[in-house]
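What follows is the residue order along each chain.
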Amino acid sequence: KAGVTQTPRYLIKTRGQQVTLSCSPISGHRSVSWYQQTPGQGLQFLFEYFSETQRNKGNFPGRFSGRQFSNSRSEMNVSTLELGDSALYLCASSLPPAGQQYFGPGTRLTVT
Amino acid sequence: AQSVTQPDIHITVSEGASLELRCNYSYGATPYLFWYVQSPGQGLQLLLKYFSGDTLVQGIKGFEAEFKRSQSSFNLRKPSVHWSDAAEYFCAVGAESSGTYKYIFGTGTRLKVLA
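On a predicted model such as this, the values are computed, not experimentally measured, just so you know.

### Section: the overall build of chain B
Check the secondary structure of chain B and you find zero helices and 12 strands. Ordered by position from N to C terminus, the α and β elements of chain B give β-β-β-β-β-β-β-β-β-β-β-β. Relative to its length of 115 residues, chain B is compact, with a C-alpha radius of gyration of 14 Å against a globular reference of 13 Å. A principal-axis box enclosing the C-alpha atoms of chain B has dimensions of 45 × 30 × 20 Å. Counted over contacts in chain B with a minimum sequence separation of 6, partners at least 24 positions apart contribute 53%. For chain B, the exposed surface amounts to about 5600 Å²; the carbon and sulfur share of it is 48%. Across chain B, the 10 positively charged side chains and the 9 negatively charged ones have centroids separated by 4 Å.

This is the structure in structure tokens:
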């Protein structure tokens, strides 16, 4: 089976812009989670989607949003980018209810 | 609230030496427990997991971990470290919350291996 894929792998944006990141889970996985990883804060949970519904949400401002499509692919969007949004954004898919998570390679977002 | 603590931010060992990375968790019941490894610029790869049963779990790349309920610990061990093991290691807990499961990660331990 193909692994979790994330596009794009690298992205450079300027403050105030918005960005959309994409994640394709492993075939058959219906749960997709998103994490933000920074040197200072470590791995922080953003949100989880299952069957097109957001099941869990971390402690991030409303500028961070996501969605999941019927084929389980997921996107996350960050509006009005700030310098502090520079991070590695990781997507993980899993089989419910609490199976191991399989991580994608991440999208490295740099905000200038 | 659930939490995961990895007390060692950095660890340096010589190649061939044994390794133990510590992980403590806080959770009311027995959680699902995981160890992941991350190489620079890469995603996380699962090393091993504990759901139930035998408290000594074998993983990939020669790693093992032991679940100790009385100490709320899930320490990762390897008898002989290889230079390629240099990476960052994350302990994680899968904990039930309002009918779903949330994954909580520790802050990571960065391993350096001396030749």
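Alright, that's what it looks like, and here's the rest.
### Concerning the state of the cysteines
All names here are of chain A. Under the definition given, this model contains two disulfides over all chains. One disulfide bridge connects Cys-23 with Cys-91, the sulfur atoms lying 1.7 Å from each other. Between Cys-23 and Cys-91 the disulfide shows an S-S torsion of about -55 degrees. By sign, it is left-handed. Of this pair, Cys-23 sits in strand S3 (residues 19-24) while Cys-91 sits in strand S9 (residues 87-94), placing them 68 residues apart in sequence. Classification of Cys-91 by relative accessible area gives buried; the value is 0%.

### Let's talk about the interface of chain A and chain B
Quoted interface sizes are often the accessible area lost when the parts come together. Facing the 20 residues of chain A at the interface are 17 residues of chain B. At the boundary of chain A with chain B, total buried surface from both sides reaches about 1600 Å², with 54% on carbon and sulfur atoms. Across the chain A-chain B interface, the total number found is zero salt bridges. In this assembly, chain A and chain B are joined by three residue pairs in polar contact (both at pLDDT 80 or more). Counting residues per element, the ones that place at least two in the side of chain A that touches chain B are strand S4 (31-38), strand S5 (42-50), strand S6 (53-57) and S9 of chain A. Taken together, the residues that form the side of chain A that touches chain B break down as nine nonpolar, seven polar and four charged.

### Observations concerning the sheet that holds S3 of chain A
Residue and element names in this part refer to chain A. Pairing is antiparallel across the open sheet formed by four strands, whose spatial order is S1-S3-S8-S7. Across the chains shown, the open sheet's two edge strands, defined by having one partner strand only, are strand S1 (5-7) and strand S7 (64-68). In this sheet, adjacent strand axes meet at a mean angle of 20 degrees when their direction is disregarded. Relative to S3, S1 runs antiparallel, the two being bridged by three bridges.

The rules behind these values
Residues numbered from 1 in each chain as written. Chains lettered and ligands numbered in written order. Predicted model: local features only at pLDDT ≥ 70, side-chain atom pairs only at ≥ 80, totals over all residues. Heavy atoms only, no water. Helix = DSSP H or I, 4+ residues; strand = E, 2+ residues; numbered from the N terminus. Rg over C-alpha atoms; globule rule 2.2 N^0.38 Å. Contact = heavy atoms within 4.5 Å. Areas by Shrake-Rupley, 256 points an atom, 1.4 Å probe, with all protein chains shown as cover. Lys, Arg positive; Asp, Glu negative; His and termini not counted. Charge placed at Lys NZ, Arg CZ, Asp CG, Glu CD. Disulfide = S-S within 2.5 Å. Buried < 20%, exposed > 50% of the residue type's maximum accessible area, 1.4 Å probe, protein only. Buried area = accessible area lost by both parts, 1.4 Å probe. Salt bridge = Lys/Arg side-chain N within 4 Å of Asp/Glu carboxyl O. Polar contact = N/O pair within 3.5 Å; in protein donor to acceptor, adjacent residues only side chain to side chain. Nonpolar A, V, L, I, M, F, W, Y, C, P; charged D, E, K, R; others polar. Pairing = 2+ DSSP bridges. Axes fitted to C-alpha atoms, helices over the stretch in contact; angles between N-to-C directions.

Any functional reading would require information that these geometric values do not contain.
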